[in-house]
Amino acid sequence: MTLYPASPRDISSFAKRLRNGEVVAIPTETVYGLAADATQADAVAAIYSIKERPQFNPLICHIASLRMAKQYGVFNETANKLAKEFWPGALTLVVPRKDNCKISELASAGLHSLALRCPSHPIAAEILRLAKRPLAAPSANPSGRLSPTRPEDVRRTLPNIDVLDGGYCEVGVESTIIGCLGDMAVYLRAGGISRGDIEACLGEPLTDVPTEKGDAARLAPGRLVRHYAPHVPLHINCTQVKEDMLLLGFGADAPADVADNLSETGDLCEATANLFACLHKLDLQAQAENKHIGVMPIPHHGLGEAINDRLSRAAEAVDK
Ligand code: AMP
Ligand code: MG
């Protein structure tokens, strides 16, 4: 694979390649995406195959504007309100597919709904503008593994994919996902926009995903999949450095001998932006030194909810 600087020529050539049905990696403000034209079933199928992603796990489709989103999905009052407030940005809305929706059904994994997001990253926005197509773009990593927030992480884990270099991702975790399929707005995944900010916009609390397994599988298919796993065991809520462990710290109270610190000032935005890059680095070091990774407790408010969601899945994935 090659890493391309994001010159105007490269951006326009990537847009052209996407229109031709190729799969390439592009930067977004959340994490790097493995992108393909969402209207071409073969291109969408190639994303599943490159990631080895289970086909019941639908993909988020990226669009250039709310106007473009409405060509494919049905927006109720809640969806309109959220899109107007948070787009472009780290929010995905799950809405019903329009009858004549041209997005491949494979991208929806056969569901009657569609996940749509308008990214704010200037390179992603420019590619969408030039490609004039919705782009399916899950994180550019093998399914189940850590997401990439740096071009070098894409290069290492998906060596055959060409990457457009947009530097480090500013938000650093995936988008927050809200279901807008009926009367209630359902909180499907914690992500780059906090629950509090969304509830403040709506003026009412979000509904949680029902705990009954069948409903959860239908409403939030990705929840059941193994996720965010480093190659070594990861433990959460650790406070001390142990001999066989690299400790990832948070805040000013971290012990002096931590391997790294997500944010020395305890800033949750900074910690979110650093999360996957730190985990990639510690994963490589821990594999080389035959150690585990420990992570200090992260407060559960604001973006801390998204960090704790990813960490607890990483911990679960390895313990099993
Ligand atoms: P990612 O793995 O970051 O690409 O996020 C994809 C996630 O979006 C999936 O795992 C689902 O949880 C969610 N998603 C995508 N499409 C839908 C849909 N049509 N209905 C419900 N959730 C969806
Ligand atoms: Mg992912």
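The rules we used
- Residues numbered from 1 in each chain as written.
- Chains lettered and ligands numbered in written order.
- Predicted model: local features only at pLDDT ≥ 70, side-chain atom pairs only at ≥ 80, totals over all residues.
- Heavy atoms only, no water.
- Helix = DSSP H or I, 4+ residues; strand = E, 2+ residues; numbered from the N terminus.
- Rg over C-alpha atoms; globule rule 2.2 N^0.38 Å.
- Buried < 20%, exposed > 50% of the residue type's maximum accessible area, 1.4 Å probe, protein only.
- Contact = heavy atoms within 4.5 Å.
- 1 Å grid on protein atoms, 1.4 Å probe; cavity = no way out; pocket = protein on both sides within 12 Å on 5 of 7 lines; lining within 4 Å.
- Points joined across faces, edges and corners; volume = space filled by probe spheres on them.
- Nonpolar A, V, L, I, M, F, W, Y, C, P; charged D, E, K, R; others polar.
- Pairing = 2+ DSSP bridges.
- Core = buried A, V, L, I, M, F, W, Y, C linked by side-chain atoms within 4.5 Å.
- Salt bridge = Lys/Arg side-chain N within 4 Å of Asp/Glu carboxyl O.
- Polar contact = N/O pair within 3.5 Å; in protein donor to acceptor, adjacent residues only side chain to side chain.

Chemist: Sorry if this is basic, but what is going on with the overall build of the protein chain here?
Modeler: Each helix and strand in the protein chain was counted, giving 10 helices and 15 strands. Over its C-alpha atoms the protein chain spans a radius of gyration of 19 Å, differing by no more than 12% from the 20 Å that the globule rule assigns to 320 residues. When the backbone C-alpha atoms are referred to their principal axes, the protein chain occupies close to 60 × 45 × 35 Å. Residue burial in the protein chain is summarised as follows: out of 320 residues, 55% are buried. Considering only intrachain contacts with a sequence separation of at least 6, the fraction spanning at least 24 residues in the protein chain is 66%.

Chemist: Mind showing me how you'd approach empty space enclosed by the protein here?
Modeler: One water molecule sets the probe size; rolling that probe over the atoms shows where empty space is left. Counted under the stated rule, the structure contains 1 cavity of 30 Å³ or more. Surrounding the largest cavity, Ile-26, Thr-28, His-62, Pro-119, Ala-124, Leu-128, Leu-135 and Ala-137 form its lining. Looking at side-chain class alone, the lining of the largest cavity contains 6 nonpolar, 2 polar and no charged residues.

Chemist: In this structure, what is going on with the pairing of strand β15 (residues 292-295)? I would like to understand it.
Modeler: Side-chain positions along a regular strand alternate between the two faces of the sheet. Pairing between strand β12 (residues 234-235) and β15: 2 bridges, direction parallel. Opposite Leu-234, over in β15, you have Ile-293 as the bridge partner. By the bridge criterion, 4 bridges tie strand β13 (residues 245-249) to β15 in an arrangement that is parallel. From the neighbouring strand, Leu-247 faces β15, where its bridge partner is Gly-294.

Chemist: Could you clarify how one ought to interpret the nonpolar core in this entry?
Modeler: Note on soluble globular proteins: their nonpolar side chains tend to be buried together. Counting 77 residues, the largest nonpolar core has Phe-75, Leu-82, Trp-87, Leu-93, Leu-116 and Ile-178 as the members making the most contacts within it. If one sorts the elements of this core by residue count, helix α9 (residues 268-289) sits on top with 8 residues. If we ignore the near neighbours within four places in the chain, the residues touching Leu-116 are Ile-60, Cys-61, Ile-63, Ala-69, Gly-73, Phe-75, Trp-87, Leu-91, Thr-92, Leu-93, Val-95 and Ile-103. If you look at the next biggest cluster of nonpolar residues, it comprises 12 residues, including Ile-11, Ile-26, Ile-127 and Leu-135.

Chemist: Would you take a moment to explain the pattern of salt bridges for this structure?
Modeler: Between side chains of opposite charge, a pair can form as their charged atoms come close. One pass over the structure, following the stated rule, counts 14 salt bridges. Between Asp-162 and Arg-17 there is a salt bridge; the shortest N-O distance is 2.8 Å. Of this pair, Asp-162 sits in the loop between α6 (151-157) and β8 (163-165) while Arg-17 sits in helix α1 (residues 8-19), and the two are 145 residues apart along the sequence. According to the relative accessible area criterion, Asp-162 is buried, its value standing at 15%. Across the pair Arg-310 and Glu-174 runs a salt bridge, and its minimum N-O distance is 3.0 Å.

Chemist: How do you make sense of the side chain of Ser-139 when you look at a structure like this?
Modeler: Looking at the secondary structure, you find Ser-139 in the loop between β7 (135-136) and α6. There is a polar contact of 2.5 Å between the side chain of Ser-139 and the side chain of Asn-141. When residues no more than four places from it in sequence are discounted, the contact partners of Ser-139 are Val-31, Tyr-32, Gly-33, Leu-34, Lys-51, Ser-147, Pro-148 and Glu-174.

Chemist: Hey, could you run me through the pairing of strand β5 (residues 91-96) in this one?
Modeler: Counting buried positions along β5 gives 5 out of 6 residues, so the element sits mostly inside the fold. Pairing of β5 with strand β9 (residues 176-179), which is carried by 4 bridges, proceeds in the parallel orientation. Bridging from a neighbouring strand, Leu-93 pairs with Ile-178 of β9. Note: β5 against strand β6 (residues 113-117), 4 bridges, orientation antiparallel. By the bridge assignment for β6, Val-94 is matched with Ala-115.

Chemist: Hey, could you run me through the environment of Gly-73 in this one?
Modeler: Position of Gly-73 relative to the elements: it lies in the loop between α3 (66-69) and α4 (77-86). Using a relative accessible area of 4% as the deciding quantity, one classes Gly-73 as buried. Considering only alpha carbons, one finds Gly-73 and Lys-98, 25 residues apart in sequence, at a separation of 5.0 Å. Residues in contact with Gly-73, not counting those within four places in the same chain, are Val-95, Pro-96, Lys-98, Leu-114 and Leu-116.

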